[in-house]
Amino acid sequence: MAVKLYGWSRSPFVSRALLCLEEAGVDYELVPMNKEAGDHRRPDHIARNPFGQVPVLEDGDLTVFESRAIGKHVLRKYKPELLGAGSLEDTAMVEMWLEVEAHQHHPAAGAIAHECIAAPALLGRMPNQAIIDENVEKLKKVLEVYETRLSKCRYLAGDFLSLADLSHFTVMHYFMATEYAALVEAHPHVKAWWEELAARPAAKKVAGFLTIGSGVTTEK
Amino acid sequence: MAPLKLYGMPLSPNVVRVATVLNEKGLDFEIIPVDLTTGAHKQPDFLALNPFGQIPALVDGDEVLYESRAINRYIATKYASSGAALLPATPSAKLEVWLEVESHHFYPNASPLVFQLVFRPLFGGAPDPVVVDKHAHELAKVLDVYEAHLAQNKYLAGDQFTLADANHASYLLYLTKTPKAGLVNDRPHVKAWWEDIAARPAFQKTAAALPLPPPPSA
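Residues numbered from 1 in each chain as written. Chains lettered and ligands numbered in written order. Predicted model: local features only at pLDDT ≥ 70, side-chain atom pairs only at ≥ 80, totals over all residues. Heavy atoms only, no water.

**Topic: the nonpolar core**
Okay, so step 1: Formed by 150 residues in total, the largest nonpolar core has its most connected members in A:Trp97, A:Tyr146, A:Phe175, A:Trp193, B:Ile75 and B:Tyr146.
Okay, so step 2: With 14 residues, the single largest contributor to this core is helix α4 (residues 93–122) of chain B.
Okay, so step 3: Once residues within four sequence positions are removed from consideration, A:Trp97 is found in contact with A:Val145, A:Tyr146, A:Arg149, A:Leu156, A:Ala157, A:Ala164, B:Phe52 and B:Tyr66. (Core = buried A, V, L, I, M, F, W, Y, C linked by side-chain atoms within 4.5 Å. Buried < 20%, exposed > 50% of the residue type's maximum accessible area, 1.4 Å probe, protein only. Helix = DSSP H or I, 4+ residues; strand = E, 2+ residues; numbered from the N terminus. Contact = heavy atoms within 4.5 Å.)

This is how it looks when you write it as structure tokens:
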């Protein structure tokens, strides 16, 4: 039985899960939901995710929510090498850099992408420059650390690709469409790491779903 | 075995998050002070441990880790056979979900509340009522979900105490010392869950070690 993923694929959170499914080569069905119609607030969805958010994964009788938890579940089952499985140290590095993605990278890069792209396209308002400026300063410091790290290792957790790298892709795809992409391009190793991630077949496929601000509306 | 070294301020809830798990595992550790008030976290010797300049960091022999949740996962995995079992023998998607729920629903609201209500007064400031009201309102909605969940589950991941519960302990401890303790105490299953955590001998050891000032006299 195919795994089901519920949500709207233009969401970087839904697509984070989609990227993991694609990388794992899992047979899945995307069940499209309509954000504008409030599908996520209906009782049937609340029964799947009491926080009323997307994505949600159904795998047999398991229901999983939170995109990084979905990623871990899928990869642990189908591609454990992407979690550093088999080595305590590798696994620890994957977990640590996944926390860095969630708590250092995402708040800053995600806020900039939200203001520049989502605010005009989805909320019908101008970007808040004060929020952008504050987060640009934070992201600059974060990217300096990434540059140092990626000068020493090919990927964030070490010399192997992992969920820690993949987890960045969808928010970064949106971020790199803003004028602030220059912040990444200023760091040669971060730039090279980003380009390699984006060149992966799974990433290219998922990039096609990330349509906020492109003027393309997808039913998915 | 040399004691593990936990770098940070002993009162910091993210440091206490790690101390909680170290004590659950019965591990020997020392807290090496990193004084945020003097900017010690931005000095080269600390940045060598955590280039993001945040506490805690953990040194275990040659292993250096930062991000409290990653540290806790590492300790629970490496020392699986020591002390309380915090991770199930077979991987649990439900555990992964509730670890993320702590990180992305509970913490983003509990942390500013604890900062405003506990730490600002400790450093001579006053809580910002706008920030307090906003996060109390959000945390109430989050804890309503916990209430329903804990009505069906003894602990977050099911029948057993796990890392998901342990990761909440430090912020629950602080929150229940503030005027917003009702967020926990007014929800019967959340309250019972917190009291169960608080009664664990390892957590009592963690709480007793906190250099908290005595409560103001009535």
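**Regarding the packing of helix α4 (residues 88–123) of chain A against α4(B)**
Okay, so step 1: Close contact between α4(A) and α4(B) brings their axes to 12 Å; oriented N to C, the two are set at 35°. Between α4(A) and α4(B) the crossing geometry is right-handed. Within the contact between the two elements, α4(A) uses A:Glu99, A:Ala102 and A:His103 and α4(B) uses B:Ser103, B:His104 and B:Tyr107. (Axes fitted to C-alpha atoms, helices over the stretch in contact; angles between N-to-C directions. Left-handed = near helix turned anticlockwise from the far one by under 90°.)

**Points about the confidence of the model for chain B**
Okay, so step 1: The share of residues in chain B with pLDDT of 70 or more is 98%, and the mean pLDDT across the chain is 96.
Okay, so step 2: Across the predicted assembly, pTM comes out at 0.97 and ipTM at 0.96. (pLDDT = per-residue confidence, 0-100.)

**Focus: the packing of helix α1 (residues 13–24) of chain B against α4(B)**
Residue and element names in this part refer to chain B.
Okay, so step 1: At a closest axis distance of 11 Å, the pairing of α1 and α4 adopts a crossing angle of 120°. When the axis of α1 is compared with that of α4, the two are oblique. Residue-level contacts link Pro13, Asn14 and Arg17 of α1 to Glu102, Tyr107, Val114 and Phe119 of α4.
Okay, so step 2: For the contact of α1 with α4, the per-class residue count stands at four nonpolar, one polar and two charged. (Parallel < 35°, antiparallel > 145°, perpendicular 65-115°, else oblique. Nonpolar A, V, L, I, M, F, W, Y, C, P; charged D, E, K, R; others polar.)

**Brief notes about the domain arrangement of chain A**
Residue and element names in this part refer to chain A.
Okay, so step 1: Assigned domains of chain A: these are domain 1 (3–78) and domain 2 (83–207).
Okay, so step 2: Relative to domain 2, the C-alpha centre of domain 1 lies at a distance of 21 Å.
Okay, so step 3: On the side of domain 2, 19 residues touch domain 1, which itself brings 16 residues to the contact.
Okay, so step 4: On the domain 1 side of the interface with domain 2, the three residues burying the most area are Leu19, Glu23 and Arg68, jointly 34% of the side's total.
Okay, so step 5: Glu101 serves as the salt-bridge partner of Arg68, at 2.7 Å between the closest nitrogen and oxygen.
Okay, so step 6: Remark: the boundary between domain 1 and domain 2 carries eight residue pairs in polar contact (both at pLDDT 80 or more).
Okay, so step 7: Contributions of two or more residues to the side of domain 1 that touches domain 2 are made by α1 (12–24) and α3 (67–78).
Okay, so step 8: The element best represented in the side of domain 1 that touches domain 2 is α1, accounting for nine residues.
Okay, so step 9: Of the residues that constitute the side of domain 1 that touches domain 2, the class distribution is seven nonpolar, two polar and seven charged. (Domains from an automatic or database assignment. Buried area = accessible area lost by both parts, 1.4 Å probe. Salt bridge = Lys/Arg side-chain N within 4 Å of Asp/Glu carboxyl O. Polar contact = N/O pair within 3.5 Å; in protein donor to acceptor, adjacent residues only side chain to side chain.)

**Here's the deal with the packing of aromatic side chains**
Okay, so step 1: Enumeration according to the criterion identifies 14 aromatic pairs over all chains in this entry.
Okay, so step 2: Judged by centre distance (6.3 Å) and plane angle (55°), the ring pair of A:Phe51 and B:Trp98 falls under tilted. Taken together, the positions of A:Phe51 in the loop between α2 (43–48) and β3 (56–59) and B:Trp98 in helix α4 put the pair across two chains.
Okay, so step 3: For B:Trp98, a relative accessible area of 3% puts it in the buried group.
Okay, so step 4: With 6.0 Å between their ring centres and 65° between their planes, A:Trp97 and B:Phe52 make a pair best called edge-to-face. In this pair, A:Trp97 sits in helix α4 while B:Phe52 sits in the loop between α2 (44–47) and β3 (57–60), so the two residues belong to two different chains.
Okay, so step 5: Assessed through its relative accessible area of 2%, A:Trp97 is described here as buried. (Phe/Tyr/Trp six-rings, centres within 6.5 Å; stacked < 30°, edge-to-face > 60°.)

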